[in-house]
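# Descriptive analysis of the structure
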Amino acid sequence: MTDQTANDRLPDRLSTDPRSAYYNAEILSRDIGIRFKGVEKTNVEEYCVSEGWIRVAAGSAKDRHGNPLTIKLNGTVEPYFRTGG
């Protein structure tokens, strides 16, 4: 398992929304962690490492299509695969 984790790389940009061009079910099926400004975040909807931002849900607010509203936060993004014991 360590060989598979070492060989795999997370994409520069990834989204949890199936309608997004940056959605990847294969990668999302694995346990992914996101550190944003050095703090572990569990509510990330989308991230981009090269541009340095994440999108998180804005409470329980919804748009007119029923999708959660998101807020874009800027800072250092560090995605990684969590290793289960």
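Residues numbered from 1 in each chain as written. Predicted model: local features only at pLDDT ≥ 70, side-chain atom pairs only at ≥ 80, totals over all residues. Heavy atoms only, no water.

## Description of the environment of Ile32
Selection rule: Helix and strand labels come from DSSP, where a helix needs a run of H or I of at least four residues and a strand needs a run of E of at least two; each type is numbered from the N terminus. By definition, residues are in contact when any of their heavy atoms lie within 4.5 Å.
Within the element layout of this structure, Ile32 appears in strand E2 (residues 32-36). Taking the C-alpha atoms as reference points, Ile32 and Phe81, 49 residues apart in sequence, are found 4.6 Å from one another. In this view, Ile32 contacts Leu10, Leu14, Ile27, Tyr80, Phe81 and Arg82; residues no more than four positions away in its chain are not counted.

## Considerations on the side chain of Glu46
What counts is decided by this rule: Counting of polar contacts relies on pairs of N or O atoms within 3.5 Å, with two restrictions inside protein: one atom must be capable of donating a hydrogen and the other of accepting it, and residues adjacent in sequence are counted only when both atoms are side-chain atoms.
With respect to the helices and strands, the residue Glu46 is situated in strand E4 (residues 44-48). A polar atom in the side chain of Glu46 sits 3.0 Å from the side chain of Arg13.

## Details of the side chain of Ser15
Under the convention used in this document: Burial classes: relative accessible area under 20% of the type maximum marks a residue as buried, over 50% as exposed, and values in between as partly exposed (1.4 Å probe, protein chains only).
Take Ser15: it is sitting in strand E1 (residues 13-15). Since its relative accessible area comes to 2%, Ser15 is described here as buried. A polar contact is formed between the side chain of Ser15 and the backbone nitrogen of Asp17, at a distance of 3.1 Å. Sequence-distant contacts of Ser15, that is, excluding residues within four places in its chain, are made with Ser20, Tyr22, Tyr23, Asn24, Leu28, Glu45 and Glu46.

## Details of the environment of Ala58
Turning to its location among the elements, Ala58 is positioned in strand E5 (residues 53-62). Measuring from C-alpha to C-alpha, the distance between Ala58 and Pro68 comes to 7.2 Å, with ten residues separating the pair along the chain. With near-sequence residues (within four places) excluded, Ala58 lies in contact with Leu69, Thr70 and Ile71.

## Focus on the nonpolar core
Side chains that are nonpolar tend, in soluble globular proteins, to be buried together. Our working rule: Grouping buried Ala, Val, Leu, Ile, Met, Phe, Trp, Tyr and Cys residues that are joined through side-chain atoms within 4.5 Å yields what is termed a nonpolar core.
Counting twelve residues, the largest nonpolar core is built from Leu10, Leu14, Ile27, Ile32, Ile34, Phe36, Val44, Tyr47, Ile54, Val56, Val77 and Phe81. Of all the secondary structure elements, the ones that give two or more residues to this core are E2, E4, E5 and strand E7 (77-81). The biggest single contributor to this core is E2, with three residues.

## Brief notes about unusual backbone geometry
The phi angle at Lys37 is positive, at roughly 55°, despite the residue not being glycine. Here Lys37 shows up in the loop between E2 and strand E3 (39-41). Exposure remark for Lys37: the relative accessible area of 55% places this residue in the exposed category.

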